[in-house]
Amino acid sequence: MLNIILLGPPGAGKGTQAARLQAERGMIQLSTGDMLREAVAAGTPVGLKAKAIMERGELVSDAIVSALIGERLDAAADQGAIFDGFPRTKAQAEALDLLLTERGRRLDHVIELVVDEDELVKRIVGRFSCARCGTGYHDTFRPTKVAGVCDVCGSTEFKRRKDDNEATVRTRMAEYRAKTQPILPFYEARGLVRRVDGMAAIETVAAEIDAILDGTV
Ligand code: AMP
């Protein structure tokens, strides 16, 4: 049962790869961003606290996101986990260690998706997803085959994230550089970090990640 972290700035492709691994390997995608967006949509106390912070592109408190992860891990005791967008700070990395040890799990890989930030802005501004099945698209790079119709489920309803605008994306990148990138040495010291070129095609990135998980590289 593998437990892996996908690390990289917003738009690096963490969500795309995590969703694929979940579908193909019976692992569970644990995305704190998705959990927080659900909480905001449902108007829960966590959602009410997180909404404005997320709209600014800043980070929600370590305690809130660590608690969300703990709950989801408990609900998926027999599945390998893909941490997507968590941990984002040193405190979260330490909290994750504890959450895993308490549950008899251990971290197998930290996969860093290495990307070019200016390209990322283009990738993020333009992305949208199906409101029914969640499949991700992009105006330029991955449009639907038939305009306005989801390739997968046929729905004609789509949504765009409120924080996918250029100003907020720049803040999210700055948060990544200031708070998330500095946790890499923490994992490097344990020999866990593997780097993948996140600018390559989705299938190429997928193949490289698969090789790491299968222990063939
Ligand atoms: P994401 O979907 O991962 O890009 O996350 C969207 C937003 O949710 C971020 O810009 C943060 O405001 C918040 N968020 C998601 N995950 C975390 C986390 N691990 N720690 C703090 N804030 C988070």
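This section reports on the structure supplied with the text. As the structure is a computational prediction, the values presented were derived from the model and not from experiment.

So, how was this worked out
Positions within a chain are numbered from 1, following the residues in the order the chain's sequence is written. For this predicted model, a pLDDT threshold of at least 70 governs which residues receive local features, and a threshold of 80 or more governs which side-chain atom pairs are given and counted, while totals over whole chains, interfaces and linings are taken from all residues. Only heavy atoms go into the side-chain values, all of them from the structure, while hydrogens and water stay out. Starting at the N terminus, helices and strands are each numbered in turn, a helix being any DSSP run of H or I of at least four residues and a strand any DSSP run of E of at least two. Radius of gyration here uses only the C-alpha atoms, and the compact-globule reference equals 2.2 Å multiplied by the residue count raised to the power 0.38. The method behind every accessible area is Shrake-Rupley, applied with a 1.4 Å probe, and residues are considered shielded solely by the protein chains displayed. Positive: Lys, Arg. Negative: Asp, Glu. His and the chain ends are not part of the count. Here the site of a charge means atom NZ of a Lys, CZ of an Arg, CG of an Asp or CD of a Glu. Residues are labelled near a given molecule or strand when at least one of their non-hydrogen atoms is within 4 Å of it. As used in this structure description, the phrase polar contact means that two N or O atoms lie within 3.5 Å; if the pair is within protein, one of them must be able to donate a hydrogen and the other to accept it, and residues adjacent in sequence are counted only when both atoms belong to side chains. Gly is placed with the polar residues, together with every amino acid not listed as nonpolar (Ala, Val, Leu, Ile, Met, Phe, Trp, Tyr, Cys and Pro) or charged (Asp, Glu, Lys and Arg). For every residue, the accessible area (1.4 Å probe, protein chains only) is compared with the maximum for its type, and the residue is labelled buried under 20%, exposed over 50%, or partly exposed between those bounds. DSSP-based pairing: two strands are paired if at least 2 bridges between them are found. Contacts between residues were defined by any pair of non-hydrogen atoms, one from each residue, lying within 4.5 Å. Between the first and last residue of a helix there are one fewer steps than residues, each counted as 1.5 Å, and that sum is the expected span. Stacked, edge-to-face and tilted are the three classes for Phe, Tyr and Trp ring pairs, Trp counted by its six-membered ring, which pair at centre distances within 6.5 Å; planes under 30 degrees apart are stacked, over 60 edge-to-face, the rest tilted.

Attention now goes to the overall build of the chain. Along its length, the chain carries nine helices and eight strands. The C-alpha radius of gyration of the chain comes to 17 Å, within 12% of the 17 Å expected for a compact globule of 217 residues. Considering only C-alpha atoms, the chain reaches an extent of 45 × 45 × 35 Å along its principal axes. In the form shown here, the chain has an accessible surface area of approximately 10,700 Å², with 53% of it arising from carbon and sulfur atoms. Placing the 30 positive and 32 negative side-chain charges of the chain at their respective mean positions leaves the two points 2 Å apart.

What follows deals with the site of the ligand. In the region of the ligand, 16 residues are neighbours, and T32, R37, E58, G85 and Q92 sit closest. A distance of 2.7 Å separates a nitrogen atom of the ligand from a polar atom in the side chain of T32. Between the ligand and R37 there is a distance of 2.9 Å, counted from an oxygen atom to a side-chain nitrogen or oxygen. Protein contacts shield 97% of the accessible area of the ligand, which totals 480 Å² for the unbound molecule. No other element matches the four residues that helix 2 (residues 32-42) contributes to the shell around the ligand. Among the residues making up the shell around the ligand, the classes are represented as six nonpolar, four polar and six charged.

Going residue by residue along strand 2 (residues 28-31), you find I28 and L30 tucked away on one face and Q29 and S31 tucked away on the opposite face as well. Sheet topology note: the strand 2/strand 3 (residues 81-84) ladder contains four bridges and is parallel. Looking at the pairing, S31 lines up with D84 of strand 3.

Attention shifts here to the side chain of S155. Tracing the backbone shows S155 in the loop between strand 6 (136-138) and strand 7 (158-159). One polar contact links the side chain of S155 to the main-chain amide nitrogen of E157, over a distance of 3.0 Å.

Attention now moves to the environment of R105. Looking at the secondary structure, you find R105 in the loop between helix 5 (90-102) and strand 4 (109-114). Filtering out sequence-adjacent residues up to four positions away, R105 remains in contact with M1, N3, L73, A76, A77, Q79, G80, A81 and L100. From its side chain, R105 meets the backbone oxygen of Q79 in a polar contact 2.9 Å long.

The next thing to look at is helix 9 (residues 202-214). Helix length check: helix 9 (13 residues) gives 18 Å between terminal C-alpha atoms against 18 Å at 1.5 Å per residue, within 8%. Taken together, the buried positions of helix 9 are occupied by V205, A206, I209, D210, A211, I212 and L213. Directly beyond the C-terminal end of helix 9, a positive phi value near 70 degrees is found at G215.

Okay, the packing of aromatic side chains next. Here a ring pair, both rings aromatic, is described through the centre-centre distance and the interplanar angle of the planes. This structure, assessed with the given rule, holds five aromatic pairs. On the basis of an interplanar angle of 25 degrees and a centroid distance of 5.7 Å, the ring pair of F128 and Y137 is categorised as stacked. Per residue, the accessibility class of F128 equals that of Y137, and both read buried. Summarising the aromatic geometry, the rings of Y137 and F158 are spaced 6.1 Å apart at their centres and angled 80 degrees between planes, so their arrangement reads as edge-to-face. Within this pair, whereas Y137 is found in strand 6, its partner F158 is found in strand 7, the two being separated by 21 residues in sequence.

Note that all results are geometric; they support no functional claim without further evidence.
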